Amino acid sequence: MSKPATGIYKVAVEVLRPLAKLTTKPHWRGRNNLPKDKPFILIMNHVTEYDVVVVAHFIVDAGHAVRVLAKDSLFRVPGLRRVLTGAKMVPVRRGTSSAGDALRNAKIALAEGESIAIFPEGTLTTDPDLWPMKFKTGAARLALATGAPVIPLAHWGSHEIMRRWKNSFPLRRRDTWVMAGPAIDLSDLNQDENDHEAVKEATRRMEVAITSMIEEIRGEKAPETRWDPKLEAYPPATDS
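Here's what I pulled together on the structure shown here. Remember, predicted model here, so these are calculated numbers, not experimental data.

### Regarding the pairing of strand β7 (residues 174-180)
For a regular strand, side-chain orientation follows a simple rule: the groups alternate between the two sheet faces. Taken together, the 6 bridges between strand β1 (residues 24-29) and β7 define a ladder with parallel strand orientation. Bridging from a neighbouring strand, Thr 24 pairs with Arg 174 of β7. Relative to β7, strand β6 (residues 150-156) runs antiparallel, the two being bridged by 4 bridges. Across the sheet, His 155 pairs through a bridge with Val 178, a residue of β7.

Structure below.
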């Protein structure tokens, strides 16, 4: 089953919990969608650095601990490295020959009963209106390789607490929304992480799930296509 927080992970949670309560007015939905009998892959949109505090509050209070795939630069911050390593977080060395180690370590963690959390965008969204941008394929490949259920988690409001790339805390609490949806059905796809078409379709379904949940939270429609950070534009819609 999905494991609860223990050790240094639990200590970090207890340190951050008061901060979360001081800075957020949480509106939570769907915690019953987090599996209690098996490890899972949690996918989330990424708006600001404060997302981790907002979603961790939701996840840990539901009785779960997840191992987050995080950029390796965080593991080089004095003091933070010990916390991240002790909590079994998974470093991602983007753009290097070691980039694949993250998925290999995530597979091992899932096999050992640990749940994994991934921001499939790979970094903070650069969409002009903070919508989810184009997903990378790592989460899809991990899901197809392991068969672990993929739970979409959408959140909104953390940008009002800490704006992107800035240390900006408000003097009052802000409303935040976190919603966990049912597992994304990938059962009809070839369960092979090397099947390009299966990975492409699984990634598309993940994008659709998260984006539609954000639309529900925000009460507005997202752009027809996902922002592409390489193009710095919305790609044209296709019929496929």
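On we go.
### Points about unusual backbone geometry
Positioned with a positive phi, Leu 130 is a non-glycine residue whose angle comes to about 70°. With respect to the helices, strands and loops of the structure, Leu 130 is situated in the loop between β5 (115-118) and α5 (138-146). Judged by relative accessible area, Leu 130 falls into the buried class, the value being 14%. Look at Glu 232: it is not a glycine, yet its phi comes out positive at around 55°. Examined against the element boundaries, Glu 232 turns out to sit in the segment after α6 (196-218).

### Describing the nonpolar core
The biggest cluster of nonpolar side chains holds 37 residues, and the ones touching the most others in it are Ile 41, Ile 43, Ile 116, Leu 142, Val 150, Leu 186 and Met 206. Put simply, the parts of the chain that give this core at least two residues each are β2 (41-44), α4 (101-111), β5, α5, β6 and α6. Here this core takes 9 residues from α6, the largest share from any one element. Setting aside anything within four residues of it in sequence, one finds Val 150 in contact with Ile 41, Ile 43, Ala 143, Pro 182, Ala 183, Ile 184, Leu 186 and Met 206. Core analysis: the next-biggest nonpolar cluster, separate from the first, contains 22 residues, Met 44, Ala 62, Val 66 and Leu 153 among them.

### Topic: the environment of Ala 202
Among the structural elements, Ala 202 can be located in helix α6. When its relative accessible area of 0% is taken as the criterion, Ala 202 is described as buried. For the pair Ala 202 and Ala 140, spaced 62 residues apart in the sequence, the C-alpha separation amounts to 5.5 Å. Here Ala 202 is in contact with Ala 140, Leu 144, Leu 186 and Leu 189, once residues within four sequence places are set aside.

### Description of the packing of α5 against α6
At a minimum axis distance of 8 Å, the contact between α5 and α6 shows a crossing angle of 115°. What the angle tells us is that α5 and α6 run roughly perpendicular. Once α5 is placed against α6, the crossing between them reads as right-handed. In contact with Ala 139, Ala 140, Arg 141, Ala 143 and Leu 144 of α5, α6 contributes Ala 198, Val 199, Ala 202, Thr 203 and Met 206. Broken down by class, the residue content of the contact of α5 with α6 amounts to 8 nonpolar, 1 polar and 1 charged.

### Side note on the packing of aromatic side chains
Under the definition given, this model contains 2 aromatic pairs. Ring geometry for Trp 28 versus Phe 58: centroids 5.6 Å apart, planes at 90°, classification edge-to-face. Taken as a pair, Trp 28 in strand β1 and Phe 58 in helix α2 (residues 51-61) lie far apart in primary sequence, 30 residues in all. By relative accessible area, which is 26% here, Trp 28 ends up partly exposed. Note on Phe 58: relative accessible area 0%, which makes it buried. Judged by centre distance (5.0 Å) and plane angle (80°), the rings of Trp 227 and Tyr 234 are edge-to-face. Accessibility expressed as a relative area gives 11% for Trp 227, which makes it buried. Tyr 234 sits in the partly exposed class, given a relative accessible area of 31%.

### Points about the side chain of Arg 205
Of note, Arg 205 is situated in helix α6. With a relative accessible area of 18%, Arg 205 lands in the buried category. Sequence-distant contacts of Arg 205, that is, excluding residues within four places in its chain, are made with Ile 184, Asp 185, Leu 186, Asp 188 and Leu 189.

### A look at α5
Within the sequence span of α5, burial applies to Ala 139, Ala 140, Leu 142, Ala 143 and Leu 144. Contact partners of the buried residues in α5: β2, α4, β5, β6 and α6. Following α5 by one or two positions, Gly 147 adopts a phi angle in the positive range, close to 75°.

Rules used in this analysis
- Residues numbered from 1 in each chain as written.
- Predicted model: local features only at pLDDT ≥ 70, side-chain atom pairs only at ≥ 80, totals over all residues.
- Heavy atoms only, no water.
- Pairing = 2+ DSSP bridges.
- Helix = DSSP H or I, 4+ residues; strand = E, 2+ residues; numbered from the N terminus.
- Buried < 20%, exposed > 50% of the residue type's maximum accessible area, 1.4 Å probe, protein only.
- Core = buried A, V, L, I, M, F, W, Y, C linked by side-chain atoms within 4.5 Å.
- Contact = heavy atoms within 4.5 Å.
- Axes fitted to C-alpha atoms, helices over the stretch in contact; angles between N-to-C directions.
- Parallel < 35°, antiparallel > 145°, perpendicular 65-115°, else oblique.
- Left-handed = near helix turned anticlockwise from the far one by under 90°.
- Nonpolar A, V, L, I, M, F, W, Y, C, P; charged D, E, K, R; others polar.
- Phe/Tyr/Trp six-rings, centres within 6.5 Å; stacked < 30°, edge-to-face > 60°.

It is worth stressing that arrangement in space is one thing and function is another; only the former is reported here.
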